[in-house]
Amino acid sequence: MAGFVGVFLTVVLTVVSVLVEGNYMVYDTAQGVVPGKLNVHLVPHTHDDVGWLKTVDQYYVGSNNSIQVACVQNVLDSLITALLADKNRKFIYVEQAFFQRWWRRQSEATKKTVQILVSTGQLELINGGMCMHDEAATHYIDMIDQTTLGHRYIKQQFNVTPRIGWQIDPFGHSAVQAYLLGAEVGFDALFFARIDYQDRAKRRDEKKLEFIWQGSKTQGSSSQIFAGAFYAGNYEPPTGFYYEINDESSPVVQDDINLFDYNVQERVDAFVAAALSQANVTRSNHIMWTMGTDFKYQYAETWFRNMDKLIHYVNQDGRVNALYSTPSIYTDTKHALNEAWPLKSDDFFPYADRINAYWTGYFTSRPAIKGYVRTMSGYYLAARQLELFKGRNKSGPTTESLADALAIAQHHDAVTGTEKQHVANDYAKRLSIGYKESEDVVAAAFGCMTQSSSFSECKNPPTKFTQCPLLNISYCPATEVDISQGKKLAVLVYNSLGWKRTSVVRIPVINENVTVSDSTGKVILSQIIPIVNASIANKKFYATAYTGESTSAGPMYWLAFTAEVPPLGFSTYVISSASDSASIRPRSYTCGGAQNSSAVEIGSGNLKLIYSGNDGTPTQYINSRSSVNMSLEQSYTYYAGEAAGTDQASGAYVFRPNGTSEIQPEEKIPLRVFKGPLYDEVHQMINSWIYQITRVYKEKEHVEVEFTVGPIPINDKVGKEIVTQIKSNIGNNKTFYTDSNGRDFLERIRDYRADWDLEVNQPIAGNYYPINLGIYIKDKNTELSVLVDRSVGGSSITDGEVEIMLHRRLLYDDGRGVDESLNETVCVLDTCSGLTVQGKYYLRFDPLGEGSKWRRSFGQEIYSPFLLAFTEQDDTWTNFAIPSFSAMDSSYSLPDNVAILTLQELEDGTVLLRLAHLYEDGEDNDLSVMATVELKKVFRNKKINKIKEMSLSANQEREEMVRKRLSWKVEGSKTNKQDNDLRGGPVNPVKLTVELAPMEIRTFIIDFNSKLVQY
């Protein structure tokens, strides 16, 4: 009865308050946190995908609405008006790609208004990257770059630094996101929505949806960040509190007593009930409601009007306290409680939203886009270096358009492959445009750098260099010159790594009678291998698709030679004609696959690979230097994708296999073997749509496998997911290791999760993990490592075996919103066919404990391959004025455990430098140690005037960032103080040396003396 009286009095008070104000109602929205009550933090937000069902620009301007009604321009326009109507209203905005489009078109008056809103905290810019990047298919360097692009813009325009990570939509969450793109950019908290449904259930039961996440074993407590997984597994309001214009899914708050359907008490009761339900699984008396979802607030007032009323009437009711809030306010209130929180390590992969629905297919979806993004990422790293060496041209061309395209491509519906096809085309187009402008930057830099030592003053270099973005399919017009007609082809090989590098370069040529000379005129060893018919057919089809016109027959040979290139520098080589080829044609022979045929051995160096003479499969890996002798098998398999009409189809997001089929040759096709002085290679036609070339280099100790897969046949109406399996006799006891965004390696155990007792319902898909660098297995004696050239999914499904998924072609949508099957098709003129993908992976066996050196050093070479440029010269030409170059002191190279991630001239002429230690603590006996970099030798002939250490995203000084960051208590820990995690000390002001501890990344802004001495 007492409860009824309380409700009755509340209704009376509510009615009175309305009548007192007459026709105009003033809502009290000023309430803050109330101690002792349940505080419901209403966080107004919109989630704006930077491309998904529509392209980024279609979403911004509001076009193509037959697919989805969404216009980000409307959101931002109406938002400002709504915030100005009440100073207590708040809003958070995330995606800088959209915000910057909007900001550029605003008047100065509007800009000043928005700057005030930001400075007062009404509008908070959180996360702050150009997009909300994915956390599975992204490389950590790309994650850093796109975050830096957004963070520095926010700092320039608003003088603020984002405090909160807001990764609410990515499909699983990485350890690197937590510590590198969380703690190391100065975030105080990280919030997200998607974790495995089994994990969520347990965390709800135990009130562990909020916790301290320590993403790095090496960096210890300094890598900790407060993290929260949303209560309902999404980022929407509770059911019944959704207020988008013209939406009827939730009742509005109708508080005009003169009208029908008055419902204030009903809505207050529903609010309180929803709040109490969430509070029952949340620690403390503070909960967060995410008031918004995809592309909402098209007319912001509809949301704020109803939230104003809810805050007013709920607080009059008094059972709970409602307030406008932001994630920063919420985080500060949680921190002020001074409570200890449970500790989380490792990551949140793989993610399943329900039984039989593991989102592990997108680790491989759209492998061509994934490969393109990775290629452009390495190119962008090199192009920025060259732009610095030559001097940034403010009037253009610059690398900025490639930076923007790459940033957008990290979006969680871009590089993931979960977008519609027309949107994937848009991402590729942007990358192509960005590449083209950066290609001009690189060409101009090379033209100037080869002509004069004072090349920063060079404007119109006489030498024009061209590059070949389709070199992977042997399409390179620059190398197709007929040098028998008294011409020469000069090849410039650039090394963007900080170490001297020696590797084999392969370029297509039309003439086999050629010689290769170095910059001193000395003829060097080279070899010629014919381009096989399968490669010629792919080249013709895809080069035509790229150029829009039919291509000529083109080159018939691969010319290979060994290039030795200094750190951050280039070497030049000259290809000229000869009456007889100085390039060695390898011995070529074919193994017929007859019974009892003798084994085939390839490899002329330390590494030997043995093939069966009977069926042409690899059988043995022998390294004479390391005394490793291992059995080896390699095969191809496909998983049949589960069809629609079942509980879950396989699609762009979800991997749902329905049976496994080993791919057998359609007929006995023999091995074709080429043996040469630089490398041996084995060609195998696995079937009509899989072709494989295996290479063993004389001076290397790994195997390179180049695969061409596609078009995947679907005439049987079955979608297929293609994997390759590498089998050995290593006893890894269900345990394997995969990288986190190309950085740390995490231990994985088949059919096991550290945080809960896994109920296994998908033994294959549920054991797949994202791979950006590599995967390895080991036992007490040996390690098997496989490195990749792009994001893929992989696992160790049975002991001794590593499996990676190379390509997917599926016929049904998986019901996660894209509403399109993953059936990529390429049309050229009147011919259409399924997508063919070409890529590489690399494998190596090592004695236990020795594999990390190869994984780390060669992993850098995969990410940053040689950059090749070509120029044609007449027969009288002898050499460049500057035939070789290194930005670093000739006696110096970086330590083997350090890499340069960023070397870039900024808009104000200062230089952004990032250095990364490549090894984890204890990963390698020799290289998991403190490293020292001598900046004076890195920047020879340049005088450093000032150097500031910055946060990872370079938007604040690191010392200030560390001072401001919140420190949290952890359950079971005796103290909340930071333990003494090993980090490098301050920069030595005299010697200008930088220390890096294992896994440490240090970011600097350097101001060189105004009277610069050029490289």
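Reading guide: rules and limits
Residues numbered from 1 in each chain as written. Predicted model: local features only at pLDDT ≥ 70, side-chain atom pairs only at ≥ 80, totals over all residues. Heavy atoms only, no water. Helix = DSSP H or I, 4+ residues; strand = E, 2+ residues; numbered from the N terminus. Rg over C-alpha atoms; globule rule 2.2 N^0.38 Å. Buried < 20%, exposed > 50% of the residue type's maximum accessible area, 1.4 Å probe, protein only. Contact = heavy atoms within 4.5 Å. Areas by Shrake-Rupley, 256 points an atom, 1.4 Å probe, with all protein chains shown as cover. Lys, Arg positive; Asp, Glu negative; His and termini not counted. Charge placed at Lys NZ, Arg CZ, Asp CG, Glu CD. Pairing = 2+ DSSP bridges. Axes fitted to C-alpha atoms, helices over the stretch in contact; angles between N-to-C directions. Disulfide = S-S within 2.5 Å. pLDDT = per-residue confidence, 0-100. Expected span 1.5 Å × (residues − 1). Phe/Tyr/Trp six-rings, centres within 6.5 Å; stacked < 30°, edge-to-face > 60°. Lys NZ or Arg CZ within 6 Å of the ring centre and 35° of its normal. Salt bridge = Lys/Arg side-chain N within 4 Å of Asp/Glu carboxyl O. Parallel < 35°, antiparallel > 145°, perpendicular 65-115°, else oblique. Nonpolar A, V, L, I, M, F, W, Y, C, P; charged D, E, K, R; others polar. Core = buried A, V, L, I, M, F, W, Y, C linked by side-chain atoms within 4.5 Å.

Caption draft 1: Inspection of the overall build of the protein at higher detail. Helices and strands together make up the secondary structure of the protein, namely 18 helices and 51 strands. Here the C-alpha radius of gyration of the protein, 30 Å, is about what a compact globule of 1015 residues would show, namely 31 Å. Dimensions along the principal axes, computed over C-alpha positions, put the protein at roughly 105 × 70 × 60 Å. For the protein, with 1015 residues in total, the buried portion stands at 64%. In the protein, of all internal contacts separated by at least 6 residues, the share reaching a separation of at least 24 is 76%. Only carbon and sulfur atoms are counted for the fraction: they give 49% of the accessible area of the protein, which is about 37100 Å². Charge centroids of the protein, computed over 100 positive and 119 negative side chains, lie 4 Å from each other.

Caption draft 2: Main features of the sheet that holds strand E18 (residues 526-530). Strand order across the open sheet formed by three strands is E15-E19-E18, with antiparallel pairing between neighbours. Of all the strands in the sheet, just strand E15 (501-509) and E18 have a single pairing partner and so form its edges. Across the sheet, the mean angle separating the axes of adjacent strands is 30° when strand polarity is ignored. Here five bridges tie E18 to strand E19 (residues 557-565), and the two strands are oriented antiparallel to one another. Residue pairing across strands places Ile529 opposite Trp558, the latter belonging to E19.

Caption draft 3: Summary view of the state of the cysteines. A complete count under the given rule lists two disulfides for this structure. Here Cys468 connects covalently by a disulfide to Cys476, the sulfurs 1.9 Å from one another. Here Cys468 and Cys476 share a disulfide; its torsion about the S-S bond, 55°, makes the bridge right-handed. Note on cysteine connectivity: Cys827 is disulfide-linked to Cys832, with sulfurs 1.9 Å apart. One quick way to see it: the torsion about the S-S bond of Cys827 and Cys832 is about 110°, and its sign makes the bridge right-handed.

Caption draft 4: Region of the structure containing the confidence of the model for the protein. On average, residues of the protein carry a pLDDT of 92, and 94% of them reach 70 or more. Low pLDDT, under 50, characterises residues 1-22; the predicted model gives this stretch 18 contacts beyond four residues in sequence or across chains.

Caption draft 5: Helix H6 (residues 140-158), seen in detail. Across its 19 residues, H6 extends 26 Å between first and last C-alpha, which sits within 8% of the 27 Å expected from 1.5 Å per residue. Where burial is concerned, most of H6 is hidden: 15 out of the 19 residues are buried. Within two residues after H6, Asn159 carries a phi angle of roughly 55°, on the positive side.

Caption draft 6: The pairing of strand E14 (residues 487-495), seen in detail. Counting buried positions over the nine residues of E14 gives eight, a clear majority of the element. Looking at chain direction, E14 and strand E43 (residues 867-874) are connected through eight bridges and run antiparallel. Bridge pairing links Lys487 to Asp874 in E43. Where E14 lies against strand E20 (residues 569-577), seven bridges are found, and the strand directions are antiparallel. Counterpart to Asn495 in the pairing with E20 is Gly569.

Caption draft 7: Structural view of the packing of aromatic side chains. Across all of its chains, the model carries 55 aromatic pairs by this definition. Aromatic side chains Phe91 and Tyr297 sit 4.9 Å apart centroid to centroid with 75° between the ring planes, which places their arrangement in the edge-to-face category. Placement of the pair is Phe91 in strand E2 (residues 91-93) and Tyr297 in the loop between strand E8 (286-291) and helix H10 (301-317), with a sequence separation of 206 residues. For the pair shown, Phe91 and Tyr297 are each scored as buried. When the ring of Tyr679 is compared with that of Tyr697, the centres are 5.2 Å apart and the planes differ by 45°; the resulting orientation is tilted. Of this pair, Tyr679 sits in strand E29 (residues 679-687) while Tyr697 sits in strand E30 (residues 690-697); the two residues are 18 residues apart in sequence, bridging distant segments of the chain. Note on accessibility: Tyr679 and Tyr697 belong to one class, buried. An aromatic cluster of at least three residues, connected via ring pairs, comprises Phe91, Tyr242, Tyr243, Tyr297, Trp303, Phe304 and Tyr324. It is Lys720 that lies over the ring of Tyr638; its NZ or CZ is 5.6 Å from the centre. Above the face of the Tyr140 ring, Arg743 is positioned so that its terminal group lies 5.1 Å from the ring centre.

Caption draft 8: Expanded view of the environment of Glu266. When you line up the elements, Glu266 lands in helix H9 (residues 264-279). In this structure, the C-alpha to C-alpha distance between Glu266 and Pro367, residues 101 residues apart in sequence, is 51 Å.

Caption draft 9: Expanded view of the pattern of salt bridges. Counted according to the given criterion, the structure contains 56 salt bridges. Taking the shortest distance from any N to any O, the salt bridge between Arg750 and Asp799 comes out at 3.0 Å. Taken together, the residues span a long stretch of sequence, with Arg750 in the loop between strand E34 (744-749) and strand E35 (769-771) and Asp799 in the loop between strand E38 (792-795) and strand E39 (801-809) at a distance of 49 residues. Of the charged contacts, one joins Asp789 and Arg790 as a salt bridge, the two residues approaching to 2.9 Å between their closest N and O atoms. Because the salt bridges share partners, they merge into one network encompassing Asp199, Arg203, Lys344, Asp346 and Asp755.

Caption draft 10: Highlighting the packing of helix H4 (residues 96-103) against helix H5 (residues 108-120). Contact pair H4 / H5: the axes reach a minimum separation of 11 Å and the direction vectors enclose 140°. Taken together, the axes of H4 and H5 lie oblique to each other. Contacts from Phe99, Trp102 and Trp103 of H4 reach H5 at Thr110, Lys111, Val114 and Gln115. When the residues that make up the contact of H4 with H5 are grouped by side-chain class, the tally is four nonpolar, two polar and one charged.

Caption draft 11: Representation of the nonpolar core. Residues Phe271, Trp289 and Phe304 are the most contacted members of the largest nonpolar core, which totals 134 residues. Leaving out residues up to four positions away in the same chain, Trp289 has contacts with Val40, His41, Leu42, Val43, Pro238, Phe241, Phe271, Ala274, Ala275 and Gln278. Formed by 94 residues, the second largest nonpolar core is a distinct cluster that contains Phe192, Phe211, Ala899 and Leu996.

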